[in-house]
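Residue-level structure breakdown
Each chain, written out:
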Amino acid sequence: MPSKFSFAFPRPNTRRILFFSSLAAVFVIPVALFGLLVVYLPFIQKDVFFTFVRETLHRDPDSWAGTQWLYGAALLVAGLLLFTFASVSGGIFSWYERRVAGRIQSRIGPNRVGAGGFFQWVADAVKLLFKEDLVPAEADSLLFRAAPYFVVAGMTLTLVALPFGQSVIVADLNVGIFYILAVTSLIVVGILLSGWSSNSKWALFGGMRSAAQVISYEVPSGLAIMTPVLMAGTLSMQGIIRAQGGWPWQWFISRNPAAFVAFFILFISQLAEANRTPFDLPEAESELVAGYMSEYSGFRFALYFLVEWANLWIISAIAVSLFLGGWQVPGLEDQDWAALRGAGSFPPVAWWFWQLLSVGVFAAKTMVLVTVVIWIRWTLPRIRVDQMMNLCWKYLVPAGFGAMLFTLLWQIAVSKARIVQDISGGVLFVLFVYAVFRFFVLTRKNISRVVGDRVDLTNW
Amino acid sequence: MSKLVLRRIDRNNEEMLVNFGPQHPSTHGVLNFLVETDGEVMRRAIPDIGYLHRSLEKIGEIVGYPGYMPYTDRIDYLAAMFANEGYAIAVEKLIKVEVPKRAQYLRAISCELNRIASHLVSIGTMATDIGAVTPLVYALREREAINDLIEALCGARLTYNYHRIGGVAFDMPEGWRDKVLHFLERFESLIQEWDRLITWNEIYLKRLGGVAVITREQAIDYGLVGPNLRGSGVDWDVRRDVPYGAYPDFKFDVPVGRGWAGTVGDAFDRYYVRVLEMAQSCRIARQALEKLPDGETMAKVPRRIKPEAGEVMSRVESARGELAYYVVSDGTERAYRVRARTGSFLAMGIIEDISSGLMIADLIALIASLDVVAPETDR
Amino acid sequence: MTTNEIHERLRAQFGDAVGPLSEPKVDPFATVQAARIVEVCRWLKDTPGVEIDFCEDLTAVDWPKRNAIEIVYHLFSYKHRHGIVLKVEADRAKPVVPTLEGVWKAANWMEREVYDLFGVTFSGHPDLRRVMLPDDWVGHPLRKDYQEAGGFHGIPNLRENPLVELRRLDEVRLAEEAKRNPPPPPPAPAAPKAPAAAPPAASGGGAPPAPQNPPPAPKA
């Protein structure tokens, strides 16, 4: 009898593996990233670090020469961690944005690569890595290659001064917000460089438009930032957050009517700085193909997009820190934090849990703002260049000045009678809650008026 | 690129000659524009067409009269029913055949559905050019429903070849009427949703209001037709003023530009006229379905069509304006000359003269508001 | 006003420059002398009561038998809802017609198209160049005696029948493969009952070679 050779390898159930692995990744990746930050960063705060040097290494931190080196090394590791955080979160935001965009457009969004399309960004990054690294023959080779790195540097340098939690910050500079403003300008340099060095008319258009846009919107941005700085009395990011409270009526946005206006000015200006619609002229796909990025391919191209999505986080984080209370947990005051830290040189283990809570509060608020930014992008059309300049110089700058002046007087009034602040906080909070309620009512009314997806459109 | 153009560039100023197209996410079809600009403001935008020239007029002289019908689809593939109808009407006039009532009604229904589909593409791509991507997806979602309906009717989703010389090819299937009425009911609420989403959006009004104004006299002089003409304030619609087919039986309004965003004849007027026309098309389709008479769908037409020598001009109101067919016959089975005068071809002619002083973003708005499609300009 | 009335008024104004109105088969038309066409059209546009403001179509028909190219003008008035069809005959060897661009701007591009496809020169046109075909195209395609040049800048305009071409390419590929890996010689037939191992089926054309069945174990 002829025997038939049959040996079948057991086929792995790829689908199920992919599903569970992506589900795991959805939770594990953010937890791991945030967890690393939460655990590591408090260690490199100056006081904890010095205690570590004194008690574990048995050296006097002030006089030992190695303190600086060790601290530097620790900071480098922190920077690396943050860069990883930014890159991965850039990828995850791209997935989030595409899913949200899909739902807004009554379609699904990526859903093939992993459950819910969660690994789409991994697939895209890997694909871009494998693409040919083209440098146009006529382009200025050194500048062309260097330009993306300026942009990435601008993004990374900003991250080190962002306060993620009560003690979760790489460098609590006492000129925090000023430093952040200054360093985001590196992105302009990168954009201009890429536009010019591409040696293509379209890229040049895009680069110049973008530079004009970002530089112009730095002014109302700075003016809007003056308001919380005046209210807190310090430029340090942690200081500004500490001057706010946990409850919504204790946030700066409610404490001062001018701060309410300043929040929107800041939000709009940051949207413009991050090149997001309605200000995405430099990347206006329908006009310039890809603007200043049109000659880039492969991973250099991916770097620009990475920075764009990481920028989502950064601009939301700045707005949250300055106006929406940052990491302040409702119900915990400054003295509560000090009490939780304890009197000992090393904080107790339970303290890390409270840190995690503050990071969670911060992340939640930032995610809300990120969702709003994405929502705006997929709803609104684009503003023209001259209209955008108009908006900046004729409306936002005077409004920013007005808010700053008002705040100056307000602070004088507050110093005389603290009750003014609380009244404002209460009133604005109530108004905000009412506005949100009306918004939902109106949305429900709009939805019910349209027959919408309740019709069977299956093919005949 | 034309030598004439090169000579005109002023090299002393900082002006560049940039190619806008032919591959471009924004231009509607394969069109090229040579733009003389200093970076943002254009001195002139010279259209450069011909990338989609398929010598359809020459082909008309080779295939016979009935055989040309699928080619007419390609004259404007987004609004193919009108192209079919125009040619059918021209040849029917030549051979002196009368189309039965039911066929005329079916023609009207299919044409109005096609008008809605074409306008959906037009306004959807216009919104995308201005920057809002979401309205395009909504428009295409509705258009999918229309595509499915027309596929049930004639078997094709884009190039229909549905009308025949003497009538229409197929009668409507069972249950189709209810599906169309169901769709129309749902679609009318979409127009309101669309208005709330994008039409009255502040940014949209600012981008389109007062941009690329074409006055009444200019519109008539340059030969613009259809929504471009009506957007500039001229109250003219071939369906109402020189009626053909079943249109005398229907009651409908003709939207005319009123300067909703400030100036009569700006890009917003041309855009909004299209939105309102979709609502009117729903109305016509509904009336046609309710009054649909029984009867034949095709008249008795000889197998070999051999009209006597002569010439004829027929006009239909296509989605892009008046589509006129000029057919010359010399007594044989093949046409001597077939000519399709399309609205987009004349719309290209006005771009060069209107474009001086506009910004590049406005050029995009202009092209999108004129609803220029490459197959119509090049044939 | 009907077409007849417009024609009568034209005759009254211009006399013999405007020919008689043809019989309506199906649309009637009137031939105008080429030299006077601009005057005629300007009169049509400006005269109150006629006011033809829409140049609906401007095209040409090639009549090699009559040695003429007819330029056809379809004119219409929005205001009065009347129209007329005019024709101008141009000599086929050297067709020159005055331009109507000064009367109706719509004529600009349509005349460019006629120039492009028929070769008719419009004297006085501000920008007479080809509109659809490339600038260096030779010939005027819509003429009845147009011969295709057989390619453009080295791009051929004919190709082999794909059925023939693909078959030829397949045979070339198989020949090359056979040269590189010569097929094993067929084994000598063993027992009369054992079926000879079939040589790999190589059907001429695109069918992939049939998978070889393992030779059956020799029966004892």
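As the structure is a computational prediction, the values presented were derived from the model and not from experiment.

The next point concerns the overall build of chain C. For chain C, the helix and strand inventory stands at four helices and seven strands. In chain C, the order of α-helices and β-strands from amino to carboxyl end is α-β-β-α-β-β-β-β-α-β-α. Counting contacts in chain C only where the partners sit at least 6 residues apart, residues at least 24 apart contribute 47% of the total. Within the structure as shown, chain C displays about 12700 Å² of accessible surface, and the carbon and sulfur contribution to it stands at 58%.

Residues and elements named next belong to chain B. Spatial ordering of the open sheet is given by 1-2-3, a layout of three strands whose pairing is antiparallel. One side of each edge strand has no neighbouring strand; the edge strands of this open sheet are strand 1 (16–20) and strand 3 (42–48). Taking each pair of neighbouring strands and ignoring which way they run, the sheet shows an average axis angle of 20°. Two strands pair when backbone bridges link them, and strand 2 (residues 32–37) and strand 3 are joined in this way by six bridges, in the antiparallel orientation. The residue of strand 3 that forms the bridge with L34 is I46.

Attention now moves to the sheet that holds strand 2 (residues 30–32) of chain C. All names here are of chain C. If you walk across this open sheet you meet the five strands as 1-2-5-4-3, and the pairing is mixed. One side of each edge strand has no neighbouring strand; the edge strands of this open sheet are strand 1 (18–21) and strand 3 (54–63). Neighbour-to-neighbour, the strand axes of the sheet open up by a mean angle of 25°, direction not taken into account. Two elements, strand 3 and strand 4 (residues 68–77), share nine bridges in a ladder whose sense is antiparallel. Residue D62 lies in a different strand from strand 4, and its bridge partner there is I69. Sheet contacts for helix 2 (residues 37–46): strand 1, strand 2, strand 4 and strand 5 (82–91); angle to strand 5, the most-contacted strand, approximately 170°. Set on the sheet, helix 3 (residues 107–118) makes contact with strand 3 and strand 4; between it and strand 3 the angle comes to about 10°.

This part covers the interface of chain B and chain C. Every contact between the two is made by 47 residues of chain B and, on the other side, 43 residues of chain C. When the buried area of chain B at its contact with chain C is split by residue, D221, E311 and Y336 of chain B rank highest and sum to 16% of it. For the pair chain B and chain C, the number of links is eight salt bridges. For K144 of chain C, the salt bridge goes to E61 of chain B, with nearest N and O atoms at 3.0 Å. The interface formed by chain B and chain C holds 19 residue pairs in polar contact (both at pLDDT 80 or more) in total. For the side of chain B that touches chain C, the element with the highest residue contribution is strand 6 (residues 310–318) of chain B, accounting for five residues. Looking at the side of chain B that touches chain C residue by residue, the classes come out as 23 nonpolar, seven polar and 17 charged.

With that out of the way, let us pick up helix 13 (residues 343–354) of chain B. Residues and elements named next belong to chain B. For helix 13, spanning 12 residues, the distance from its first C-alpha to its last is 17 Å, which sits close to the expected 16 Å at 1.5 Å a residue. Of all 12 residues in helix 13, 11 are buried, a share of seventy percent or more. All of the buried residues in helix 13 are G343, S344, F345, L346, A347, M348, G349, I350, I351, E352 and I354.

Attention shifts here to the nonpolar core. One recurring pattern in soluble globular proteins: nonpolar side chains tend to sit buried together. The biggest cluster of nonpolar side chains holds 178 residues, and the ones touching the most others in it are Y271 of chain B together with L44, I71, Y73 and L86 of chain C. The element contributing the most residues to this core is helix 5 (residues 101–130) of chain B, with 14 residues. Leave out the neighbours within four places in its chain, and L86 of chain C touches L10, A30, V32, I37, V40, L44, I71, V72, Y73 and L75 of chain C.

The next thing to look at is the pattern of salt bridges. Residues and elements named next belong to chain B. Taken as a whole, this structure holds 61 salt bridges over all chains when the rule is applied. The shortest N-O distance in the salt bridge between K206 and E202 comes to 3.3 Å. In this pair, K206 and E202 are both assigned in helix 8 (residues 202–208), four residues apart and thus about one turn of the helix distant. On the basis of relative accessible area, E202 is assigned to the exposed category, the value being 52%. As a salt-bridge pair, E322 and R315 come within 3.9 Å of each other at their nearest N and O atoms. Note on R315: relative accessible area 22%, which makes it partly exposed.

What follows is about a nonpolar patch on the surface. Residues and elements named next belong to chain A. A cluster of nonpolar side chains, contributed by W375, F432, V433, V436, F439 and F440, occupies part of the molecular surface with about 580 Å² of accessible area. Ranked by residue count, the leading element in the nonpolar patch is helix 17 (residues 419–449), at five residues. For F432, the position within the fold is in helix 17.

Right, let's talk about the side chain of T184 of chain A for a bit. Residues and elements named next belong to chain A. With respect to the helices and strands, T184 occurs in helix 6 (residues 176–184). On the accessibility criterion, T184 (12% relative accessible area) is buried. Among the polar contacts listed, one links the side chain of T184 to the backbone oxygen of L181, at a separation of 2.9 Å. Leave out the neighbours within four places in its chain, and T184 touches T158, E218 and E273.

On average, residues of chain A score 83 in pLDDT, and 92% of them reach the 70 mark or higher. Of the regions scoring below 50 in pLDDT, residues 454–460 of chain A engages in 15 contacts with residues more than four places distant in sequence or in other chains.

The residue G298 of chain A is located in helix 13 (residues 298–323) in this model. A sequence separation of 150 residues divides G298 of chain A from S448 of chain A, and the C-alpha atoms of the two residues are 46 Å apart.

This paragraph deals with the pairing of strand 5 of chain C. All names here are of chain C. In terms of burial, strand 5 is largely enclosed, as eight of its 10 residues are buried. As paired strands, strand 2 and strand 5 are joined by three bridges and run parallel to one another. Pairing of T31 across the sheet is with K87, part of strand 5. Pairing between strand 4 and strand 5: 10 bridges, direction antiparallel. Within the sheet, the bridge partner assigned to V72 lies in strand 5 and is K87. Here strand 4 folds back onto strand 5, and the loop between the two strands holds four residues, one of which, R81, carries a positive phi near 55°.

Criteria and cut-off values
One numbering rule holds for all chains: residues counted from 1, following each sequence as written. Written order determines the labels here, with chains lettered from A and ligands numbered from 1. With pLDDT at 70 or above as the cut-off, local features in this predicted model cover only qualifying residues; side-chain atom pairs require 80 or more to be listed or tallied, and sums for whole chains, interfaces and linings still use all residues. Water and hydrogen atoms were dropped before computing side-chain values, which therefore reflect all heavy atoms in the structure. The helix count covers DSSP runs of H or I at least four residues long, the strand count covers runs of E at least two residues long, and both are numbered beginning at the N terminus. The contact definition used throughout considers only heavy atoms, calling two residues in contact when any of these lie within 4.5 Å. Note on areas: these come from Shrake-Rupley sampling with a 1.4 Å probe, and a residue is covered only by the protein chains present in the view. A strand pair is defined by DSSP finding two or more bridges across the two strands. Fitted lines through C-alpha atoms serve as axes, helices being fitted only where they are in contact, and the angles separating the N-to-C directions of these axes extend from 0 to 180 degrees. We define buried area as the total accessible area lost by two parts upon association, computed with a 1.4 Å probe and summed across both. Any Lys or Arg side-chain nitrogen found within 4 Å of a carboxyl oxygen on Asp or Glu counts as a salt bridge. Counted as a polar contact is a pair of N or O atoms within 3.5 Å, where, for protein atoms, one must be capable of donating a hydrogen and the other of accepting one, and residues adjacent in sequence contribute only when both atoms are in side chains. Side-chain classes are defined by residue name, with Ala, Val, Leu, Ile, Met, Phe, Trp, Tyr, Cys and Pro counting as nonpolar, Asp, Glu, Lys and Arg as charged, and the others, Gly among them, as polar. Expected helix span is taken as 1.5 Å per residue step, with the number of steps being one fewer than the number of residues. Each residue is placed in one exposure class: buried if its accessible area under a 1.4 Å probe, protein chains only, is under 20% of its type's maximum, exposed if it is over 50%, and partly exposed if it falls in between. The set of buried Ala, Val, Leu, Ile, Met, Phe, Trp, Tyr and Cys residues whose side-chain atoms join them within 4.5 Å is what this entry labels a nonpolar core. By definition, no residue in a patch forms a salt bridge, and every one has over 30% relative accessible area; like charges are joined within 9 Å, nonpolar side chains (Val, Leu, Ile, Met, Phe, Trp, Tyr) within 5 Å. Residue-level confidence of the predictor, termed pLDDT, takes values from 0 up to 100.

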